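Per-entry structural report
Listed below are the residues making up each chain.
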Amino acid sequence: QNPYDCLKQNLRFSQDSFIFFKKKIGVLPFFHKIKDDFYQEVSMEPGFIEGIPKAELHLHIEGSLEPELMFALAERNRVDLPYNSVEELRQAYQFTNLQSFLDIYYAGARVLLVEQDFYDLTWAYLTRMQEQNVKHVEIFFDPQTHTERGVAFSTVIEGIDSALKDARREYGISSYLILCFLRHLSEDDAFKTLEEALPFREKIIGVGLDSSEVGHPPEKFQRVFQRASEEGFRRVAHAGEEGPPEYIIGALDLLGVERIDHGVQCEKDPELLRRLAESRMPLTVCPLSNTRLCVFEKMKDHNLKRLLDAGLCVTVNSDDPAYFGGYMNENLTAVQQGLNLSKEDLVELVKNGFRASFLPKTAIESRVQAVDEYASKNP
Ligand code: ADE
Ligand code: ZN
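Throughout what follows, the structure given in this document is the object of discussion.

About the thresholds
- Every chain is numbered independently, its residues counted from 1 as its sequence is written.
- Here chains are named by letter from A upward and ligands by number from 1 upward, in the order in which they appear as written.
- Whole-chain, interface and lining totals are the exception, using all residues; otherwise, since this is a predicted model, local features are given only for residues with pLDDT of at least 70 and side-chain atom pairs are given and counted only at 80 or more.
- Computation of side-chain values: all heavy atoms of the structure, hydrogens and water removed.
- A run of H or I in DSSP becomes a helix once it reaches four residues, and a run of E becomes a strand once it reaches two; helices and strands are each numbered from the N terminus.
- We call two residues contacting when some pair of their heavy atoms lies within 4.5 Å.
- Every axis in this analysis is a line fitted to C-alpha atoms, fitted for helices over the stretch in contact. Angles between the N-to-C directions lie between 0 and 180 degrees.
- Note that the term roughly parallel is reserved for angles under 35 degrees, roughly antiparallel for angles over 145, roughly perpendicular for angles of 65 to 115, and oblique for everything else.
- A crossing counts as left-handed when the near helix is turned anticlockwise from the far one by less than a right angle, and as right-handed when that turn is clockwise.
- By the convention adopted, Pro, Cys, Tyr, Trp, Phe, Met, Ile, Leu, Val and Ala count as nonpolar, Lys, Arg, Asp and Glu as charged, and the other residues, Gly among them, as polar.
- Coordinating donors are taken as N, O and S atoms within 2.8 Å of the metal, stretched to 3.2 Å for Na, K and Ca; because water is absent from the atoms, sites can appear incomplete.
- Four donors are marked tetrahedral only if all angles between them lie between 85 and 135 degrees, whereas four are marked square planar and six octahedral if opposite donors are more than 155 degrees apart and the other angles lie between 65 and 115; the remainder are marked irregular.
- Exposure is judged per residue with a 1.4 Å probe applied to protein chains only, and the accessible area is read against the type maximum: over 50% gives exposed, under 20% gives buried, and values in between give partly exposed.
- Think of it this way: one heavy atom of a residue within 4 Å of a molecule or strand is enough to make that residue near it.
- Definitions used for this entry: grid spacing 1 Å over protein atoms alone; cavity, a set of points where a 1.4 Å probe fits but cannot get out; pocket, an open set with protein on both sides within 12 Å along at least 5 of 7 lines; lining residue, one with an atom within 4 Å of a point.
- Should more than half of a molecule's atoms lie within 2 Å of a pocket's or cavity's grid points, that molecule is taken to sit in it.

1. Describing the overall build of the protein
Of regular secondary structure, the protein possesses 18 helices and eight strands. Long-range pairs, those at least 24 residues apart, make up 76% of the contacts in the protein with a sequence separation of at least 6.

2. Here's the deal with the packing of helix H9 (residues 187-197) against helix H10 (residues 222-230)
At a minimum axis distance of 9 Å, the contact between H9 and H10 shows a crossing angle of 15°. Judged on the interaxial angle alone, H10 and H9 are roughly parallel. In this structure, H9 meets H10 at a crossing whose hand is right-handed. Across the interface between the two elements, Glu187, Ala190, Phe191, Leu194 and Glu195 of H9 pack against Arg223, Val224, Arg227 and Ala228 of H10. Residues of the contact of H9 with H10, tallied by class, amount to five nonpolar, no polar and four charged.

3. Some details on the coordination of the zinc ion (ligand 2)
Around the zinc ion (ligand 2), the protein contributes the donor atoms His58 (NE2), His60 (NE2), His238 (NE2) and Asp319 (OD), which lie 2.0 to 2.2 Å from the metal centre. Around the zinc ion (ligand 2) sit four donor atoms, and with donor-metal-donor angles ranging over 85 to 174° the site reads as irregular. Read from N- to C-terminus, the donor residues coordinating the zinc ion (ligand 2) fall into the pattern H-x1-H-x177-H-x80-D. Remark: aspartate 319 occurs in the loop between strand E8 (314-316) and helix H15 (321-324) and histidine 58 occurs in strand E1 (residues 54-60); sequence separation between them is 261 residues. Overall, the relative accessible area of 0% leaves histidine 58 in the buried class.

4. Digging into the site of ligand 1
All residues in the neighbourhood of ligand 1 are listed as His60, Leu98, Phe101, Leu102, Tyr105, Asp210, Ser211, His238, Glu241, His262, Asp319 and Asp320. Here ligand 1 is seated within the largest cavity. When residues of the shell around ligand 1 are assigned to their parent elements, the largest contribution, four residues, is made by helix H5 (residues 98-108). Here the residues of the shell around ligand 1 are counted per class, giving four nonpolar, four polar and four charged.

5. Describing the environment of leucine 293
In this fold, leucine 293 is placed in the loop between helix H13 (287-292) and helix H14 (304-309). Judged by its relative accessible area of 2%, leucine 293 falls in the buried class. Along the backbone, leucine 293 and phenylalanine 95 are 198 residues apart, and their C-alpha atoms lie at a distance of 5.8 Å.

6. Side note on the side chain of lysine 343
One can find lysine 343 in helix H17 (residues 343-355). Leave out the neighbours within four places in its chain, and lysine 343 touches Met44, Glu45, Phe48, Asn378 and Pro379.

7. Let's talk about the side chain of threonine 155
Here threonine 155 shows up in helix H8 (residues 153-171). Taking the relative accessible area as the measure of exposure, threonine 155 reaches 18% and is therefore buried. Beyond its immediate stretch of four places on either side in the chain, threonine 155 contacts Leu113, Val114, Glu115 and Phe118.

8. Quick word on unusual backbone geometry
Backbone geometry at asparagine 133 places phi at a positive 60°, although glycine is not the residue there. Note that asparagine 133 resides in the loop between helix H6 (115-131) and strand E2 (134-141). The exposure class of asparagine 133 is partly exposed, given its relative accessible area of 26%. Although it is not a glycine, aspartate 319 adopts a positive phi angle of roughly 70°. Given a relative accessible area of 3%, aspartate 319 falls into the buried group.

Right, here's the structure in full:
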């Protein structure tokens, strides 16, 4: 696939959806025929998605840095940004693949310098989650992005952790923190980062693996994941976002992960697909991320519904919402519309979010029950 076709498609999609929303005002609930497909659109009353109690399991805290906050922190910390305005920065968010995004994402993180910055970033995300009825979050952070620039590990984690504590108290949002190793850096660097994390052991539930996937297979981090496991960390890894199904198999067999982040390339290997379905290995899928990074050209092409129908434990998440155009509700709305999902599909996706979480069993049961109660009150 030519990445520029995808880029054009993304731009066109934004225009089309604007016109689509304009047309829809006042005609909901609706049965609507899409001209070129002739299929019956599912009726979905406004507010159904917004009101469901939800969990988010795949969110990079650095990816929730909205342009407005980036500019405010740049000014507060006297960091130069290569853009003159928030609008100009947003204009630069036209990605052709994962790497084209990561380059901008790491550059944006340069404004985060002191504990208060990490607190403000995390608090802003959690405030949005409260507004979106998100009840539980498992957040990734990339310490190496900051320690490489001379920011202490303790600065990063203390800032994030105090916001998580405040949100538990003020919003009732439960949360866990997952430390991600950057896969484009060395195994040695990952070991060093794991050592730095040990004094903060009780603030971190698990380790993950992110950044540039292709060319950095899971085996590169087998020993560091083994060590993390001995320290009692839970394990997850990005695999099969752009990389081949073999990377998913490697994450399962060599890293011993309990969830696969993304995993959408599993469809290319029918045996792996069966294995994932039979084991109910959760996939944390990020629909808007996948279309923005040209993994799928359009939402209509996304394989989320096929994976769900094949019996996989699929969850919906936002990945880097400040860069990809939406948080939890926007992702759920985009897949509902793009793939014409039923209410039952949505309810299953949201329940999977809790089932695949690292919450204790009893907490999972009560939250799944709350989703069922919501669904039965909003049939
Ligand atoms: N870091 C932040 N977002 C990422 C993504 N979608 N894939 C890999 N690494 C990431
Ligand atoms: Zn991710």
